[in-house]
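Analysis of the macromolecular model
Listed here are the chains, written in short residue letters.
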Amino acid sequence: MTLIIEKCARGVAHLRLNRPEALNALNAALIDALLEAVQRHNSNPEIGCIVLYGTDRAFVAGADIKAMLPKDFADVQAEEMFVFRINDLAKIQKPLIAVVEGYALGGGCELAMACDIILASEKAQFAQPEITLGTIPGLGGTQRLTRAVGKAKAMDLVLSGRRMKAEEAERAGLVSRIVPSEELHAEATKLAETIAGYSHPVVKMAKQAVNLAAETTLSQGLQNEKQLFEASFALEDRREGMTAFAEKRKPVWQQR
Ligand code: CAA
């Protein structure tokens, strides 16, 4: 099984990539399994957040180089690799947390960037090493990395193929937080359970609003945010959240 659903508890689905023999290199089977599981949990009203783990050695060491090796232009064009499948992942409404230990290289860095939050151990390493293989990032690397860390750093990484340690990745804005290895899974669970504990429709709006920032101008983005903010006032959960504050109690979310 290339993907293991470790558990679903307290509103969180925990998914583990499981191709340790290839350092979790992404092939069609793994991407299919991942997307199917994520979409299924996205549709499950009990689930409010999805966490994606690799192993301590590698989150993902890239797209599967051995599978790509025999392909020619017509093959990759016909298959469109799995770039659209990674983009499908980025369209998921519920938050996705990537827990990165070890390597997040090429497609691995791109997969992490398609998630909403990256928690990394101090041993995590990020790179877009495609240039060393005679190709370029093909799963969103030139676009999402540039938006995350800016052109100067993205060019440095994409053109050199060098690896960036967790500390540099956090400084550059790629990684949300570095957490010591021994606390990483507990911290990811805590964060995911916190998110899953809020009103799901409101979380969805917050995620959508932040994502729109990368797609639009500032004035359009502010307009989008205003509309989403106003729309939150159509939810019972908005009234409940503010009523609970005023009554000094915990809110009881209705998910509507
Ligand atoms: N694809 C296929 N197999 C891979 C792989 C990959 N991306 N990364 C690692 N593996 C395999 C290795 O071939 C090896 O298999 P065998 O035991 O059968 O030889 C196994 O995983 C363990 O790897 P290593 O023996 O190489 O382990 P290491 O500790 O010596 O090195 C590593 C680890 C530095 C990550 C090294 O494996 C490596 O450089 N991997 C490739 C990284 C890379 O270039 N990724 C980008 C891929 S291209 C891409 O992602 C394109 C895109 O955007 C669409």
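Structural notes, computed from the coordinates. (Residues numbered from 1 in each chain as written. Predicted model: local features only at pLDDT ≥ 70, side-chain atom pairs only at ≥ 80, totals over all residues. Heavy atoms only, no water.)

**With respect to the layout of surface pockets**
Here the largest pocket is characterised by a volume of approximately 850 Å³. Together, 27 residues line the largest pocket, and Met113, Cys115, Asp116, Val210 and Asn211 are the ones closest to its centre. Mapped by element, the contributors of at least two residues to the lining of the largest pocket are α5 (107–114), β7 (117–120), α6 (141–149) and α10 (200–212). Its residues assigned to classes, the lining of the largest pocket shows 17 nonpolar, five polar and five charged. (1 Å grid on protein atoms, 1.4 Å probe; cavity = no way out; pocket = protein on both sides within 12 Å on 5 of 7 lines; lining within 4 Å. Points joined across faces, edges and corners; volume = space filled by probe spheres on them. Helix = DSSP H or I, 4+ residues; strand = E, 2+ residues; numbered from the N terminus. Nonpolar A, V, L, I, M, F, W, Y, C, P; charged D, E, K, R; others polar.)

**Let's talk about the nonpolar core**
Leu17, Leu34, Phe59, Val100, Leu111, Phe126 and Leu174 are the most contacted members of the largest nonpolar core, which totals 45 residues. Ranked by the residues each element gives to this core, the list is headed by helix α1 (residues 28–42), at six residues. Not counting residues up to four positions away in its chain, the partners in contact with Leu17 are Thr2, Leu3, Asn24, Leu30, Leu34, Leu52, Tyr53, Gly54, Phe59, Val60 and Leu111. Membership of the second largest hydrophobic core comes to 16 residues, among which are Val12, Cys49, Ala192 and Ile195. (Core = buried A, V, L, I, M, F, W, Y, C linked by side-chain atoms within 4.5 Å. Buried < 20%, exposed > 50% of the residue type's maximum accessible area, 1.4 Å probe, protein only. Contact = heavy atoms within 4.5 Å.)

**Quick notes on the pattern of salt bridges**
Counting across every chain of the model gives 17 salt bridges. One salt bridge connects Asp64 with Arg19, and the closest N-O pair in it is separated by 2.8 Å. You can see Asp64 sitting in the loop between β4 (58–60) and α2 (65–68) and its partner Arg19 sitting in the loop between β2 (12–17) and α1, a full 45 residues away along the chain. We classify Arg19 as buried; its relative accessible area is 12%. Where salt bridges share partners, they join Lys153, Asp156, Arg162 and Glu168 into one cluster. (Salt bridge = Lys/Arg side-chain N within 4 Å of Asp/Glu carboxyl O.)

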